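Commentary on secondary and tertiary structure
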Amino acid sequence: MKIVVAEDSELQRLYLCSLINGLGFEPIEAEDGRAALDLIQKTGAQILISDLEMPHLDGIGLTKAVRHLDLDYYVHVIMVTGADEVEVRDEALKAGADDFITKGSSTAMLKARLRTATRLIAHASELAERTRVLKETNERIQEDLRAAAAAQRQLLPNLHEDIMGFSVASAFVPSSIVSGDMFGCFELEDGNMGFYAVDVSGHGVHASLLSVAIGHLITPEYFQSQAFAMDGTPDPAALIDALNKRFSASDNDDYFTMFCGVVDTSTGRMSYCQAGYPSPFYVTDKGSAEPVGDGGFPVGLIGAASYENNVHDVDIGGALVICSDAASEAENTAHEPFGNERVRKVAATIASARADEIPEKMVFALSDWRSGKPLEDDLTIFALKRRTTHDTHNHR
């Protein structure tokens, strides 16, 4: 191990270097503080033994300069002082010195100080290596998470389009790289349109795995096969019941909330089932907004849970605005939640706006409410606005 010896007295410098060499270390001579600072950077030495009084740059100044160097290793500084220089030692400690030896110390004392220094340096090197490994591992994990997030986003529809006489738009803001939210909207048979929104309990990777599984499962074909009775009557409760039996059979405590519906696009009649998901707001063309649904039981907690169908008419010009609970629960700097009433007021503006403007309005309102701080939960905003009566004959 290399040791820079900063000492302006040639005799004292040779004496120290002789002792250091005899202890099995490699001494590097520096006649003053400026030379020592240069040698530390050039040689990579991790121990500095410095006299207190030197020309150009004294020991305390040298120590401060070393501490300001942008090095990827630590330099252990041992200051050589007189036995009675207590105040000076205090000043040296504040500057960043690690240890002291008195002038004329024995070889045993010097050996003990260097042994302490080498142990600390070895420990620091070990920590640095562990940090490097952890950093590389974290970078791989982050890269994998980004890939997983990209795959998850591919499952989410890009809802800024017209579907069967409805303008449909969405916004999705995950609280972390991956999300526990999932939603979808698609054409079904006989002029029907199906849609759903899911919010998995928890956050992060675990929640995202379940949301991805749900997204893979609920295809238009699966929705069509599960959300209708044998006589063709819409039965979204049957879809949720099938999902509840499927996911409550597992041994873990995973569950999710859900809102799903089937809209007859020729009449605007919406059959829906709510399973613990926040009530959407139905907004009339006049701008009044009221919640739809009254709760329901989450999916995957109890296999024997029952679910009910309800109906609501969506008139021409009317709209449905669906928001995950991240919207109402978002807190400002005073820990005040955004609340359902503020969500309702933003949703109501869809009456005088395009559907594709509402999700971004909600995101902006929440960002302003939180003074730009990221949300603590995954946010999904999903808006459907009925423009016209869909011709089911042409659809067929």
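Since this is a predicted model, take the numbers as computed values, not measurements.

1. A look at the overall build of the protein
Each helix and strand in the protein was counted, giving 12 helices and 16 strands. The C-alpha radius of gyration of the protein comes to 35 Å, more than 25% above the 21 Å expected for a compact globule of 396 residues. Overall size of the protein, expressed as C-alpha extent along the three principal axes, is 105 × 45 × 35 Å. With 396 residues in all, the protein has 47% of them scored as buried. For the protein, long-range pairs separated by at least 24 residues make up 67% of all intrachain contacts whose partners lie at least 6 apart in sequence. Here the protein contributes 34 positively and 60 negatively charged side chains, and the mean placements of these two sets differ by 4 Å.

2. Observations regarding the pairing of strand S3 (residues 47-51)
Across the 5 residues that make up S3, a large majority, 5, are buried. Alternating residues of S3 divide into Ile47, Ile49 and Asp51 and Leu48 and Ser50, and every residue in both groups is buried. With 4 bridges connecting them, strand S1 (residues 2-6) and S3 associate as parallel partners. Looking at the pairing, Ala6 lines up with Ser50 of S3. By the bridge criterion, 5 bridges tie S3 to strand S4 (residues 76-81) in an arrangement that is parallel. Bridge assignment links Ser50 to a residue of S4, and that residue is Met79.

3. A word on the pattern of salt bridges
According to the stated counting rule, one finds 16 salt bridges in the structure shown. Here Glu136 makes a salt bridge to Arg132, at a shortest N to O gap of 2.6 Å. One end of the pair is Glu136 and the other is Arg132, both in helix H5 (residues 107-155) and 4 residues apart, which spans about a single turn. Here Arg132 falls in the partly exposed class, since its relative accessible area comes to 38%.

4. Thoughts on the confidence of the model for the protein
Of the residues in the protein, 90% reach a pLDDT of 70 or more, and the chain-wide mean stands at 87. Mean pLDDT values over the elements of the protein span from 45, in helix H12 (residues 392-395), up to 97, in strand S11 (residues 269-275).

5. Some remarks on the packing of aromatic side chains
The tally for this structure, following the rule as stated, stands at 8 aromatic pairs. Judged by centre distance (5.8 Å) and plane angle (40°), the rings of Phe183 and Phe382 are tilted. Of this pair, Phe183 sits in strand S8 (residues 181-187) while Phe382 sits in strand S16 (residues 379-386); the two residues are 199 residues apart in sequence, bridging distant segments of the chain. For the residue pair Phe183 and Phe382, the accessibility class agrees, reading buried in each case.

6. Concerning the sheet that holds strand S10 (residues 256-264)
The sheet built from 5 strands is open, its strands ordered S8-S9-S10-S11-S14 with antiparallel pairing. Pairing within the sheet leaves two strands with one partner each, and these edge strands are S8 and strand S14 (310-313). Strand-to-strand, the axes of this sheet are offset by a mean angle of 15°, without reference to chain direction. For S8 and strand S9 (residues 192-200), the ladder comprises 7 bridges, and the chain directions are antiparallel. By the bridge assignment, Met182 is partnered in S9 with Val198. Contacting S10 and S11, helix H8 (residues 236-248) runs over the sheet at an angle of about 150° to S10.

7. Considerations on a negative patch on the surface
The grouping of Asp8, Glu53, Asp58 and Glu91 at the surface amounts to a negative patch. Relative to the helices and strands, Asp58 is located in the loop between S3 and helix H3 (59-67).

8. Observations concerning empty space enclosed by the protein
By the definition in use, this model includes 1 cavity of 30 Å³ or more. Of the volumes computed, that of the largest cavity is approximately 60 Å³. In this structure, the largest cavity is lined by Gln12, Tyr15, Leu16, Leu19, Val80, Ile101, Thr102, Lys103, Gly104, Ser105, Ser106 and Leu110. Looking at the lining of the largest cavity, the elements with two or more residues in it are helix H1 (10-22) and strand S5 (99-102). Broken down by element, the lining of the largest cavity gets its largest block of residues, 4 residues, from H1. Classifying every residue of the lining of the largest cavity by side-chain character gives 6 nonpolar, 5 polar and 1 charged.

9. Here's the deal with the layout of surface pockets
Space inside the largest pocket adds up to approximately 160 Å³. When the residues that make up the lining of the largest pocket are grouped by side-chain class, the tally is 3 nonpolar, 5 polar and 3 charged.

10. A look at a nonpolar patch on the surface
A grouping of Phe297, Leu301 and Ile302 is seen on the molecular surface, where their side chains present a nonpolar patch of about 250 Å² in accessible area. Along the polypeptide, Phe297 turns up in the loop between strand S13 (289-291) and S14.

Analysis parameters
- Residues numbered from 1 in each chain as written.
- Predicted model: local features only at pLDDT ≥ 70, side-chain atom pairs only at ≥ 80, totals over all residues.
- Heavy atoms only, no water.
- Helix = DSSP H or I, 4+ residues; strand = E, 2+ residues; numbered from the N terminus.
- Rg over C-alpha atoms; globule rule 2.2 N^0.38 Å.
- Buried < 20%, exposed > 50% of the residue type's maximum accessible area, 1.4 Å probe, protein only.
- Contact = heavy atoms within 4.5 Å.
- Lys, Arg positive; Asp, Glu negative; His and termini not counted.
- Charge placed at Lys NZ, Arg CZ, Asp CG, Glu CD.
- Pairing = 2+ DSSP bridges.
- Salt bridge = Lys/Arg side-chain N within 4 Å of Asp/Glu carboxyl O.
- pLDDT = per-residue confidence, 0-100.
- Phe/Tyr/Trp six-rings, centres within 6.5 Å; stacked < 30°, edge-to-face > 60°.
- Axes fitted to C-alpha atoms, helices over the stretch in contact; angles between N-to-C directions.
- Patch = residues over 30% accessible without salt bridge, like charges linked within 9 Å, V, L, I, M, F, W, Y side chains within 5 Å.
- Areas by Shrake-Rupley, 256 points an atom, 1.4 Å probe, with all protein chains shown as cover.
- 1 Å grid on protein atoms, 1.4 Å probe; cavity = no way out; pocket = protein on both sides within 12 Å on 5 of 7 lines; lining within 4 Å.
- Points joined across faces, edges and corners; volume = space filled by probe spheres on them.
- Nonpolar A, V, L, I, M, F, W, Y, C, P; charged D, E, K, R; others polar.

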